[in-house]
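Remarks on the overall topology
Chain by chain, the residues run as shown.
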Amino acid sequence: MSRLAEAADRADNMRTMRRLQVVPQELPLHPQDEVECRRCEVHCDKVVHPSACVERACPFLYSFVELGRTYVGCMQKVFNVEIDLALMLEAEEHGGFGAVRTNRQPLPMCRVEVESCYDGREDELGCVNPEFHELPLGEPSFRIFAQVKPSA
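Below is a summary of the structure that appears in this document.

Cut-offs used in this document
- Residues numbered from 1 in each chain as written.
- Predicted model: local features only at pLDDT ≥ 70, side-chain atom pairs only at ≥ 80, totals over all residues.
- Heavy atoms only, no water.
- Polar contact = N/O pair within 3.5 Å; in protein donor to acceptor, adjacent residues only side chain to side chain.
- Helix = DSSP H or I, 4+ residues; strand = E, 2+ residues; numbered from the N terminus.
- Pairing = 2+ DSSP bridges.
- Contact = heavy atoms within 4.5 Å.
- Axes fitted to C-alpha atoms, helices over the stretch in contact; angles between N-to-C directions.
- Salt bridge = Lys/Arg side-chain N within 4 Å of Asp/Glu carboxyl O.
- Buried < 20%, exposed > 50% of the residue type's maximum accessible area, 1.4 Å probe, protein only.

Some thoughts on helix H3 (residues 85-93)
Two to three positions downstream of the cap, the backbone nitrogen of Ala 86 sits 3.1 Å from a side-chain oxygen, assigning the N-cap of H3 to Asp 84. One or two residues past the end of H3 sits Gly 95, with phi positive at roughly 110°.

Right, here's the structure in full:
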């Protein structure tokens, strides 16, 4: 075999070797602590309902007024957006505001769900990471013993 033929043969072998170096992604030690799962074709995210934070008078909910509008957000950054309070309350009256993608592990008092984007892509074995769907349970490490309501 000529040297050119040998070089071409080695190049094909090198491409094959590079393809074989791909290592499958391992499951994490605590998959329930993640906020998203992309280990299969079904993409799942943990979401929280900010309207539940308002209903439950969450102590980590903050508000501020800007340009005459009141906005609310999470001090713990469970969700990373600030939402117009009036629009959220109006949406709740007409079917619900909906959920927001979590930015970090939800707290025990959060109303959390797991949303799947592409359910039709699930294979016959089902979820490859079922621990991801375990939601935080239990009581918060603090207790609200008084609530101050604004006077009308």
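Brief notes about the sheet that holds strand E3 (residues 61-66)
One open sheet accounts for three strands, arranged E3-E4-E5; its pairing is antiparallel. Every other strand in the sheet has two partners, leaving E3 and strand E5 (83-84) as the edge strands with one partner each. As paired strands, E3 and strand E4 (residues 69-74) are joined by six bridges and run antiparallel to one another. In the sheet register, Phe 64 faces E4, and the bridge partner there is Tyr 71. Here H3 sits on the sheet in contact with E4 and E5, set at roughly 80° to E4.

Some points on unusual backbone geometry
One non-glycine residue, Leu 67, lies in the positive phi region at around 55°. Mapped onto the elements, Leu 67 comes out in the loop between E3 and E4.

What to know about the environment of Arg 121
Summarising the element assignment, Arg 121 is placed in the segment after strand E7 (112-116). For the pair Arg 121 and Cys 40, spaced 81 residues apart in sequence, the C-alpha separation works out to 8.5 Å. When sequence neighbours within four positions are dropped, the list of residues in contact with Arg 121 reads Glu 41 and Val 42.

Structural notes on the environment of Glu 41
The topology assignment puts Glu 41 in the loop between strand E1 (36-37) and strand E2 (44-48). Setting aside its immediate chain neighbours within four residues, Glu 41 contacts Tyr 118 and Arg 121.

A closer look at the pattern of salt bridges
Tallying each qualifying case throughout the model produces three salt bridges. In this structure, Asp 45 engages Arg 101 in a salt bridge whose closest nitrogen and oxygen atoms are separated by 3.5 Å. Residue Asp 45 is located in strand E2, and its partner Arg 101 is located in strand E6 (residues 100-101); the two are separated by 56 residues in the primary sequence. Relative accessible area serves as the criterion here: at 11%, Asp 45 is assigned to the buried category. Relative accessible area serves as the criterion here: at 39%, Arg 101 is assigned to the partly exposed category. Asp 84 is the salt-bridge partner of Arg 69, the closest N and O atoms lying 2.8 Å from each other.

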